[in-house]
Amino acid sequence: MNAPDLGSLLINKSGKFYYLCTYQNVWDPDKKRSFRKKGSTKTIGKILGGSKVGPIEWKESFIALYPELKGLDAKRNEQGKIVFTLKDDPELDDDQPKITVREAMRLKKLQAGATWLLDGIIADTPLVKALERTFSKYKNHLKILSLAYFLILEQRNSMTLYELFARKTRLPYSRPLSKSAVTSIFQSITPHQIDAFLSTLSSLSAQRDEALNDFATKFWALDSTSFSTYSEHLSKAFYGKNKDGDDLKQLNMLMVVNQKSGEPYFYQMYSGNIPDVFTVKNFLQDSCRMQLGRDVVFVADKGYGCIKNINRFLQTETSFLLNVSTSLSVCKNLFRENRNALKNPINFSSAACGNHCYTVEINWSYPVNYQTDCKRPPHEKARLFVHIYYNPFIRMRAEEILKTNIERTLNAIYSDKELCKEYQEFKDTYLCFNTEKNEYEINLTAYHKELELKGVRFLVSDSVKNPIEAYRAYYDRIEVEKAFNHYKDTLGFNRLRSSDDYSLEGRVFVQFIATSIAIMLRKKIAKIADKGFRAAYDSDQKLLKTLSSIEVTQYEHGSYFSPIVKNLAEIYNKLGVLPPEDAPKTNSYKSIDEEDAEIMPELMEGYAEPDDDIDVLTR
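Residues numbered from 1 in each chain as written. Predicted model: local features only at pLDDT ≥ 70, side-chain atom pairs only at ≥ 80, totals over all residues. Heavy atoms only, no water.

### Some points on the environment of Pro191
- Structurally, the position occupied by Pro191 is in helix α8 (residues 191–211).
- As a C-alpha pair, Pro191 and Glu505 span 314 residues in sequence and 6.9 Å in three-dimensional space. (Helix = DSSP H or I, 4+ residues; strand = E, 2+ residues; numbered from the N terminus.)

This is the structure we're talking about:
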């Protein structure tokens, strides 16, 4: 026998009893919401006992509409739900466990193994705590996590298929959301909330580290990317240096990540025409305001390694490790002064991936205040450590490529072929014609100048003294950058699917959360790989897809997982996450239908707007 679908009901008190009522909703096009039609309320039964909880006595006229009610006992429980059971049968053993008809109807099987792993990765982290503290209204923190899980597992940036995904997957927010509901969530995320989230995230991270007595030097990767867009209505979309090579407008996003754990600490979105080098000033202002980056070292690539940014880090007393361009005159001079020491075999280090390493301490003069009215701003001095690295294999490879291109250029000249643009540039730069010998010769000055700094890298820091430690920190930053770019590609973030500013902030925020969780997972997998553990999977995406085969069966009072084979249980254990248990247990995610769900006002269509003395009866 099927449990009847009675629709949405109200309870209303009249005299000693609470009565059950049906009602009809109509849509108000002006207020953009639904409301209960006046005069549509009709009493269909009452709750016996004089309280909101108890057995229900239906009216005969209502039973005539739903004949199946004759064979069922109905009771309203403390959660505001109507629970149906078969009427007492004297042949049934009272000690035999029973499952209600409604429980059987509500039983669901969901893909759960991958989301269980993601839950374990972020459990008790500052990220998930900051989300709950900032976005708990209308359970938006659960919705944001569910949307982030969709981006990670489905590897797509379009929310059209989210509703279907949610119907078959165990998620923090179990109710499927339509595309319009997702858009409403994006639009509800404000810049003020994002700022509050980032401040809370920073504070919780500092408290966690203090509680763990974790005072070791922390390296935070500072990186950025660009999002291309076809939209003509985004106020921050401009043409700039597109990192994907697209001839489209773009937006830029800066992100700060803990290099050891992959945990995020900060992100900011900028207009597409602002180069990376100019975003540091604004970032450092935000960093000081939020007290971000206490006792940490920010690690950044060449896009941020200019003289002005070194000065800005020193002015704000923020530690840094920057990869600076070899084109800077200070770098060229230091290399020439220390060339012999750098290439000395005694400074070779296998710990630095086969590089020769040499460190020079210099005194750096920087202005105290850029906004002073003095003709020459007052300066202070700081000690900097310039770590110089030389890789002979990179140098040899660059020389081989240069020689090959010069040879091809000469062959084209002697064959009387028309030179392409590239070969013409090689001819003008590296070749000169000897009229006496009537032949071309190599311009050795240009040749050696081109190869002088090949295979050479400069890392500058105010605090990292050891060149091996500096190299490892920079290498870890590269790994974070690779993960960042990887997830940007796999999650489809190279195209920003937002047509206007109303949902832009929220969409980018959810993408930031998804990328952060994905990088945290990638760092976990990298750690077990470094310890010699080899799973039968060649990527984290394949791992997640394989774990998705683990299902959870949910019913009203609990859930149980499908059997987990040994090798999958080993994956969970190696990643520091307890595998799902086989035994029935209480749901870690309560179904939204099983709790007093808070619904965003924008999503209230189809729900009654009760009076003060009327409760909405959840089914």
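### Here we look at the pattern of salt bridges
- Counted under the stated rule, the structure contains 14 salt bridges.
- For Arg395, the salt bridge goes to Glu399, with nearest N and O atoms at 2.9 Å. Remark: Glu399 and Arg395 occur in helix α13 (residues 392–414); sequence separation between them is 4 residues, near one turn of the helix.
- Through salt bridges with shared partners, a single network forms among Arg208, Asp209 and Glu263. (Salt bridge = Lys/Arg side-chain N within 4 Å of Asp/Glu carboxyl O.)

### What to know about the sheet that holds strand β9 (residues 108–111)
- In spatial order, the strands read β9-β21-β22; together these 3 strands make up an open sheet with antiparallel pairing. Edge positions in the sheet fall to β9 and β22 (558–561), since each of these pairs with one other strand and no more. Averaged over all pairs of adjacent strands, the angle between their axes in this sheet comes to 25 degrees, without regard to strand direction.
- One ladder, built from 4 bridges, connects β9 with strand β21 (residues 551–555); its direction is antiparallel. The residue of β21 that forms the bridge with Leu110 is Val552. (Pairing = 2+ DSSP bridges. Axes fitted to C-alpha atoms, helices over the stretch in contact; angles between N-to-C directions.)

### What about the packing of helix α4 (residues 126–135) against helix α5 (residues 140–154)?
- Orientation of α4 relative to α5, taken along the N-to-C sense of each, is 135 degrees, at an axis distance of 8 Å. Here α5 runs oblique to α4, going by the angle between their axes. Contacts between α4 and α5 pair Val128, Leu131, Glu132 and Phe135 from the former with Asn140, His141, Ile144 and Leu145 from the latter.
- Residues of the contact of α4 with α5, tallied by class, amount to 5 nonpolar, 2 polar and 1 charged. (Parallel < 35°, antiparallel > 145°, perpendicular 65-115°, else oblique. Contact = heavy atoms within 4.5 Å. Nonpolar A, V, L, I, M, F, W, Y, C, P; charged D, E, K, R; others polar.)

### Thoughts on the confidence of the model for the protein chain
- Looking at the protein chain as a whole, the pLDDT averages 80, with 79% of positions reaching at least 70.
- By mean pLDDT, the top-scoring element of the protein chain is strand β20 (residues 456–461) (96), and the lowest-scoring one is strand β23 (residues 614–617) (33).
- Low confidence marks residues 590–619, where pLDDT is under 50. Its contacts with residues over four positions away, or in another chain, come to 87 contacts. (pLDDT = per-residue confidence, 0-100.)

### Focus: the pairing of strand β16 (residues 355–367)
- In the sheet, strand β15 (residues 348–349) pairs with β16 via 2 bridges, with the strands oriented antiparallel. Paired with Ser349 across the strands is Asn355, a residue of β16.
- In this antiparallel pair of consecutive strands, β15 and β16, the connection spans 5 residues, and Cys353 shows a positive phi of 60 degrees.
- Of the strand pairs in this sheet, β16 and strand β17 (residues 379–390) are connected by 12 bridges, and their pairing is antiparallel. Residue Tyr366 lies in a different strand from β17, and its bridge partner there is Glu380.

### Things to note about unusual backbone geometry
- Positive phi outside glycine occurs at Cys353, with the angle close to 60 degrees.
- Tracing the sequence through the fold places Cys353 in the loop between β15 and β16.
- Although it is not a glycine, Asp416 adopts a positive phi angle of roughly 60 degrees.
- Structurally, Asp416 is set in the loop between α13 and α14 (421–430).

### Some thoughts on helix α19 (residues 566–574)
- Taken as a whole, α19 has its buried residues at Leu568, Ala569, Ile571 and Tyr572. The buried residues of α19 occupy an angular sector of 150 degrees when projected down its axis, which confines them to one face.
- Against the buried residues of α19 lie α3 (113–122) and α18 (540–547).
- Looking at the residues trailing α19, positive phi occurs at Gly576, about 80 degrees. (Buried < 20%, exposed > 50% of the residue type's maximum accessible area, 1.4 Å probe, protein only. Arc of directions from axis to C-beta.)

### Describing the pairing of β20
- The buried fraction of β20 amounts to 5 of the 6 residues, a majority that puts the element mostly inside the structure.
- Across 4 bridges, strand β14 (residues 319–324) lies against β20 in antiparallel orientation. What sits directly across from Asn323, in β20, is Leu459.

### Quick notes on the environment of Ala483
- Of note, Ala483 is situated in helix α16 (residues 467–490).
- Ala483 sits in the buried class, given a relative accessible area of 3%.
- Sequence-distant contacts of Ala483, that is, excluding residues within four places in its chain, are made with Ile519 and Arg522.

### Thoughts on the environment of Asp223
- Note that Asp223 resides in strand β10 (residues 218–229).
- On the accessibility criterion, Asp223 (10% relative accessible area) is buried.
- For the pair formed by Asp223 and Leu254, sequence separation is 31 residues and the distance between their alpha carbons is 5.8 Å.

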